[in-house]
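Structure assessment
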Amino acid sequence: MRTEMLYIDPDTCIDCSQCVYACPVDAIRPDDDLDDAMMPFLEINAAYYEKYPIEPGTAVPRRSAKRDFDYSSLRVAVVGSGPAASYAALELLARPGVQVDMFERLLTPYGLIRFGVAPDHPGTKAVTDVFQSLGSEPGFRLHLGVEVGKHLSHEELLAHNHAVIYAVGAPGDRRLGVPGEDLPGSHAATEFVAWYNGHPDFVDRRFDLSCERAVIVGNGNVALDVARILVTDPDELEKTDMADHAIAALRKSNIREVVVLGRRGPAQAAYTNPEFLALTNLADVDVVIDPAEAELDEHSIRLIESGAVEPSVRIKAELAERVAGTQATGAAKRIVFRYLESPVEVVGDEQQVTGLTIVRNVLNEGPDGSLLATPGDQTELIEAGLVLRSIGYRGSSTVDVPFDEVRGVIPNDEGRVLEPSTGAPVPGVYTAGWIKRGPSGVIGTNKKCAADTVERLIDDFENGKLTAPKSGAHELERLVAERNPDVVDFAGWTRIDQAEIASGDSRGRTRVKLVDVESMLAVVRS
Ligand code: NAP
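To keep things clear, this report deals only with the structure shown in the data block. (Residues numbered from 1 in each chain as written. Predicted model: local features only at pLDDT ≥ 70, side-chain atom pairs only at ≥ 80, totals over all residues. Heavy atoms only, no water.)

1. Considerations on the nonpolar core
Within the largest apolar cluster, 51 residues are counted, with the highest numbers of intra-cluster contacts made by Tyr196, Leu230 and Phe337. When residues in this core are grouped by element, the largest group, 7 residues, is from helix H8 (residues 221-231). Beyond its immediate stretch of four places on either side in the chain, Tyr196 contacts Ala118, Pro119, Asp225, Val226, Ile229, Met242, Ala243 and Ala246. Counting residues in hydrophobic clusters, the runner-up holds 46 residues, among them Ala84, Leu90, Val117 and Phe131. (Core = buried A, V, L, I, M, F, W, Y, C linked by side-chain atoms within 4.5 Å. Buried < 20%, exposed > 50% of the residue type's maximum accessible area, 1.4 Å probe, protein only. Helix = DSSP H or I, 4+ residues; strand = E, 2+ residues; numbered from the N terminus. Contact = heavy atoms within 4.5 Å.)

This is the structure:
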């Protein structure tokens, strides 16, 4: 059974050609084996398209040069190589003659696709096939192992290009701000995700999986990814590209129960319905909800009944109710969803976490009409040996580039970076992806986000607002090689890619990731 569901609408389509479930863009394929388990997925998409109808068979519009204009002198640096950066590069290169230099701190490209998307979601990772096409674009150059602020300055990039697009993502994590948060056994889910995905900066992390219960705070899709990975049979994970060290650790795991804690009610859960539903299809795993916690509060009932909220909110509440009404099968492992509860303290000693104290919340309407959790006075201790806070990613600043410390984003107006003191656009500086809009949306959301940014950049170029670079592309390349002799280009990445796939082939896996810089450089030089 697939554990992923590609939820497609024209704005988030990733061009992966895998959208098969009731997506009018690609319709259901005749040879699709749609068993009973698939039907609820169809209902979810049907409700969406009922509200936002599009013509069956309508192709997703691919944006490209619309105007008769000579772009052949345009040179752009893209910082980052994740989905937003890659979509931005593709969008720029759709205009004949444009030159794009992409800079990435790590030795492998594609950011969250490699280090964020769960290993058991190969369909989502298939978007890398689209990004790999960058390698055959004559105007594209990839520079891996180059950090802006360390090897190159922002000023140098700008001096050698008409424009720079920062698409550096949001690699940090948000903190709960409760006592005990830093005890051994309490971690950010973002670190756990980076660890099991083989991110070189997280390879040495240790997660104690010897306990029987883990608690995840927050119920977004990252929380669901982590919960699913913790209860999935390691033999299944062995088939994926999960890092070897994580598979080995998960084979020894004693975790039998994962509690997913939401501070608001089931209708406000941050996960998406297909991701939740997919958990109910996991082998030998019960998804458990206390019927009392699935009950909706008066505010949610009113909002759903009045039609003031998206159809997905109604479906979300119904799914929680359906699960709550289902008898557990006595499966070996359980994922327990709890709602309207917030952590107040991570409990334990200097050796290990032993639990999480939570408080029961009630929902109140906030000034903007959204429903907010307010703590009551009823508390409870959930015993657990592992606490993962999954309450969102956070962007970090790049030297000399404006940064909004409160929101963790680069201040911008539709992608044009703004000078914080004046609010005026900084000439030639743009942003896309999570560092532009905050850590939200699915991979495909970055396609429209990047296209919007590129549209602003192109407008500015056409209107003569961008300063021509001081020197040619080879000068920038010389500077990069001087600052970091170990820089890896697209050909070098292709060698790493092929080595990983070959190593996977020999073990019946999609790929075996190289997780340390030395091994990668050895392959590049070989
Ligand atoms: P998210 O969707 O923003 O969820 C964050 C969760 O943390 C929410 O439940 C939020 O509750 C909760 N939270 C925040 N502050 C809290 C606090 N102080 N105490 C308790 N709970 C708190 O973030 P995410 O899960 O990191 O996902 C990031 C983005 O990536 C999302 O757009 C997600 O859909 C996407 N993603 C998609 C997939 C997929 O499609 N398969 C997989 C992974 C990630 P409130 O709602 O009450 O604020």
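2. Focus on the site of the ligand
In the vicinity of the ligand lie 22 residues, with Asn219, Asn221, Arg263, Arg264 and Gly441 positioned nearest. Ser390 is positioned such that a nitrogen or oxygen atom in its backbone is 3.5 Å from an oxygen atom of the ligand. The fraction of the free accessible surface of the ligand (920 Å²) that becomes covered by protein chains is 79%. For the shell around the ligand, the element with the most residues is H8, which contributes 3 residues. Looking at side-chain class alone, the shell around the ligand contains 9 nonpolar, 8 polar and 5 charged residues. (Near = heavy atom within 4 Å. Polar contact = N/O pair within 3.5 Å; in protein donor to acceptor, adjacent residues only side chain to side chain. Areas by Shrake-Rupley, 256 points an atom, 1.4 Å probe, with all protein chains shown as cover. Nonpolar A, V, L, I, M, F, W, Y, C, P; charged D, E, K, R; others polar.)

3. With respect to the pairing of strand E12 (residues 353-365)
Pairing analysis gives 7 bridges linking strand E11 (residues 341-348) to E12, with the strands arranged antiparallel. Bridging from a neighbouring strand, Ser342 pairs with Val359 of E12. Where E12 lies against strand E13 (residues 371-383), 10 bridges are found, and the strand directions are antiparallel. By the bridge assignment, Glu365 is partnered in E13 with Leu371. From the end of E12 to the start of E13, which pair antiparallel, there are 5 residues, and Gly369 there has a positive phi angle of about 90°. (Pairing = 2+ DSSP bridges.)

4. A word on unusual backbone geometry
Phi is positive for Tyr110, which is not a glycine, with a value near 90°. Within the fold, Tyr110 resides in the loop between strand E2 (99-104) and helix H3 (112-115).

5. A few points about the sheet that holds strand E17 (residues 416-418)
On the basis of which strands lie adjacent, the open sheet formed by 7 strands has the order E3-E2-E1-E4-E18-E17-E16 and mixed pairing. Both outer strands of the open sheet, strand E3 (140-144) and strand E16 (412-413), are each paired with one neighbouring strand and no more. Note: E2 against E3, 5 bridges, orientation parallel. The partner of Asp101 across the bridge, within E3, is Arg141. The strands that helix H2 (residues 83-93) touches are strand E1 (75-79), E2, E3 and strand E4 (163-166); relative to E2, the one it contacts most, it runs at about 170°. Of the strands in this sheet, E1, E4, E17 and strand E18 (425-431) are in contact with helix H16 (residues 445-462), which crosses E18 at around 150°. (Axes fitted to C-alpha atoms, helices over the stretch in contact; angles between N-to-C directions.)

6. Examining the environment of Tyr271
Mapping Tyr271 onto the fold places it in the loop between strand E8 (257-261) and helix H11 (273-279). Judged by its relative accessible area of 0%, Tyr271 is buried. Along the chain, Tyr271 and Asn221 lie 50 residues apart, while their C-alpha atoms are 4.7 Å from each other. A polar contact of 2.8 Å, which involves the side chain of Tyr271, links it to the side chain of Tyr339.

7. Looking at the environment of Ser390
Mapping Ser390 onto the fold places it in the loop between strand E14 (386-389) and strand E15 (393-394). When the C-alpha positions of Ser390 and Asn221 are compared, they lie 9.1 Å apart, and in sequence the two are 169 residues distant. Those residues in contact with Ser390, other than ones at most four positions away along the chain, are Ala189, Ile216, Val217, Gly218, Val222 and Ala223.

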